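Inside the fold
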Amino acid sequence: MALHEEFRQFEIEVGQIVEEMRVFTEEGKIATYIPELRHADPDALACALYTKNGTCVSFGDKDRKFTLQSVSKVVALALAVMDSGEEQVFDKVGMEPTGGPFYSITRLELTSRSKPLNPMINAGALTVTSMIGGRTETEKVERLLRFIRELTGDDTTTYDRAVAASELKTADHNRALAYLLKGEGVIDSDIESLLDVYTKQCALSMRCCDLARIGFIFGHEGRSPETGEQIVPVPVARMVKTFMVTCGMYNESGELAIKAGIPAKSGVSGAILGSVPNGMGIGVYSPALNEKGNSRAGVELLKRLSRHFSLSIF
Ligand SMILES: NC(=O)CC[C@H](N)C(=O)O
């Protein structure tokens, strides 16, 4: 088969799988604790694959824009390590998975002696965001925007103001976590400014192809797919993928590692970032969530794609 025919066949197969997975959206529920997320379409499912030859193929509701929510935790982690150094970041945040939910306060007090268990849960992510470079919140947000634009390759990538404002207004649970961490000396920034940066980071908005490109970059040692320029240092890209495997899907990480074996990070918007080492970058969006807070159809889609194309890294 000629190469372009093979690619066409690949596109047909993925397109079919995506449509087959759409039924799972009926079993999920949209997150409503951030009021602005209520407007999402519960039936939506989009998937993009960024392939080796630098092209993005996308399927389903591929033009929908969505916010990253917790997917942004991998972006913030890479940036904080690049800006503040690995030693400083892991002096404050652990590297161990948690069996608990992403918003847990009890784990912080009981299991980890006030050191958040890992950067993929909210306590850890708030701490990590406090270590992004910049003297003021404006500088930190600008730093974040510069970095995300390098990752998406799109100068217009920005955060969704309505979602950021909606979360900031209702973020009392995260506020409580952040104050607790400040009381323990883990965070030393002003908490309101930190929440302002954190909610904008969570509200970074894009389409599934942009997300797939980010997955591709982390999968290819942090290099730009077009120029080969090092956007993320090699050890940082590797570390981020490892956290995605061990903690990226919260307390569903073990099951996804077994059933899909693809480094992945989810968010309550229904976004999932997948990063196959030396392989495809994957961007999925489907806002109906399962009880763990992961995209219901998105999780099924990752498992199915992995089985179909043998994508497991294990
Ligand atoms: N799991 C998530 O996506 C949570 C992100 C959300 N912005 C929060 O902090 O609650």
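Residues numbered from 1 in each chain as written. Predicted model: local features only at pLDDT ≥ 70, side-chain atom pairs only at ≥ 80, totals over all residues. Heavy atoms only, no water.

1. Some points on the side chain of Asn 290
To be explicit about the condition: Where helices and strands are cited, they refer to DSSP runs of H or I of at least four residues and of E of at least two residues respectively, numbered from the N terminus. Summary of the burial criterion: residues with accessible area below 20% of their type's maximum are buried, those above 50% are exposed, and those between are partly exposed, where the area comes from a 1.4 Å probe applied to protein chains only. For the purposes of these results, a polar contact is taken to be a pair of N or O atoms within 3.5 Å, where, inside protein, one atom must be able to donate a hydrogen and its partner to accept one; residues adjacent in sequence count only when each atom of the pair is a side-chain atom. Note on contacts: a residue pair qualifies if any of its non-hydrogen atoms lie within 4.5 Å across the two residues.
On the secondary structure map, Asn 290 appears in the loop between β8 (281-285) and α13 (296-309). Classification of Asn 290 as buried rests on a relative accessible area of 12%. Looking at Asn 290, its side chain comes within polar contact range of the main-chain nitrogen of Lys 292, at 2.9 Å. Not counting the four nearest positions on each side in its chain, Asn 290 is found in contact with Glu 252, Arg 296 and Val 299.

2. Structural notes on the site of the ligand
Note the threshold: Nearness is judged by heavy atoms alone; a residue qualifies as near a molecule or strand once a single heavy atom is within 4 Å of it. Three classes are used: nonpolar for Ala, Val, Leu, Ile, Met, Phe, Trp, Tyr, Cys and Pro, charged for Asp, Glu, Lys and Arg, and polar for all others, with Gly counted as polar. Domain start and end points were adopted from an automatic or database domain assignment.
With respect to spatial proximity, 13 residues lie near the ligand, and among them Tyr 33, Gln 69, Ser 70, Glu 167 and Tyr 198 are the closest. One of the side-chain nitrogen or oxygen atoms of Ser 70 is found 2.8 Å away from an oxygen atom of the ligand. One of the backbone nitrogen or oxygen atoms of Val 268 is found 2.7 Å away from an oxygen atom of the ligand. For the shell around the ligand, the class distribution of residues is seven nonpolar, five polar and one charged. In terms of domain composition, the shell around the ligand takes at least three residues from each of domain 1 (3-69 + 205-309) and domain 2 (70-202).

3. Topic: the UniProt feature "binding site: substrate" (unreviewed entry) in the protein
As a reminder, the rule being used: UniProt positions are given in the numbering used here, feature names are shortened, and annotations may be inferred rather than shown by experiment.
The positions UniProt marks with the feature "binding site: substrate" (unreviewed entry) are Ser 70, Asn 122, Glu 167, Asn 174, Tyr 198, Tyr 250 and Val 268. Position of Ser 70 relative to the elements: it lies in the loop between β3 (66-67) and α2 (72-84). With relative accessibility at 6%, the residue Ser 70 sits in the buried group. Among residues more than four places away in sequence, those in contact with Ser 70 are Asn 122, Tyr 250, Lys 265, Ser 266 and Gly 267. Here the side chain of Ser 70 touches Lys 73 through a polar contact of 2.5 Å, side chain to side chain. Along the chain, the position of Glu 167 falls in helix α7 (residues 161-170). Taking relative accessible area as the criterion, Glu 167 reaches 4% and is therefore assigned buried. Excluding anything up to four places from it in sequence, Glu 167 contacts Ile 34, Gln 69, Asn 174, Tyr 198, Thr 199 and Cys 202.

4. Considering the pattern of salt bridges
Test applied: We define a salt bridge as a side-chain nitrogen of Lys or Arg found within 4 Å of a carboxyl oxygen belonging to Asp or Glu.
Tallying each qualifying case throughout the model produces 19 salt bridges. Here Glu 139 and Arg 135 are joined by a salt bridge, their closest N and O atoms 2.6 Å apart. Given the relative accessible area of 27%, Glu 139 is considered partly exposed. Linking Glu 221 and Arg 223 is a salt bridge whose minimum nitrogen-to-oxygen distance equals 3.5 Å. The network of salt bridges with common partners includes Glu 27, Glu 255, Lys 259, Arg 296, Glu 300 and Lys 303.

5. Focus on the state of the cysteines
The test is simple: Put simply, a disulfide is two cysteine sulfurs that come within 2.5 Å.
Summed over all chains, the structure comprises one disulfide. With a sulfur-sulfur separation of 2.1 Å, Cys 56 is cross-linked through a disulfide to Cys 209. On the sign convention where negative is left-handed, the bridge of Cys 56 and Cys 209, at about -100° about the S-S bond, is left-handed. Of this pair, Cys 56 sits in strand β2 (residues 56-60) while Cys 209 sits in helix α10 (residues 208-219), and the two are 153 residues apart along the sequence. The exposure class assigned to Cys 209 is partly exposed, which follows from its relative accessible area of 24%. Here Cys 202 is not cross-linked by a disulfide; its sulfur's nearest cysteine counterpart is in Cys 247, at 17 Å. We classify Cys 202 as buried; its relative accessible area is 1%. There is no disulfide at Cys 208, and the cysteine sulfur nearest it, in Cys 209, is 5.3 Å away. What makes Cys 208 buried here is its relative accessible area of 1%.

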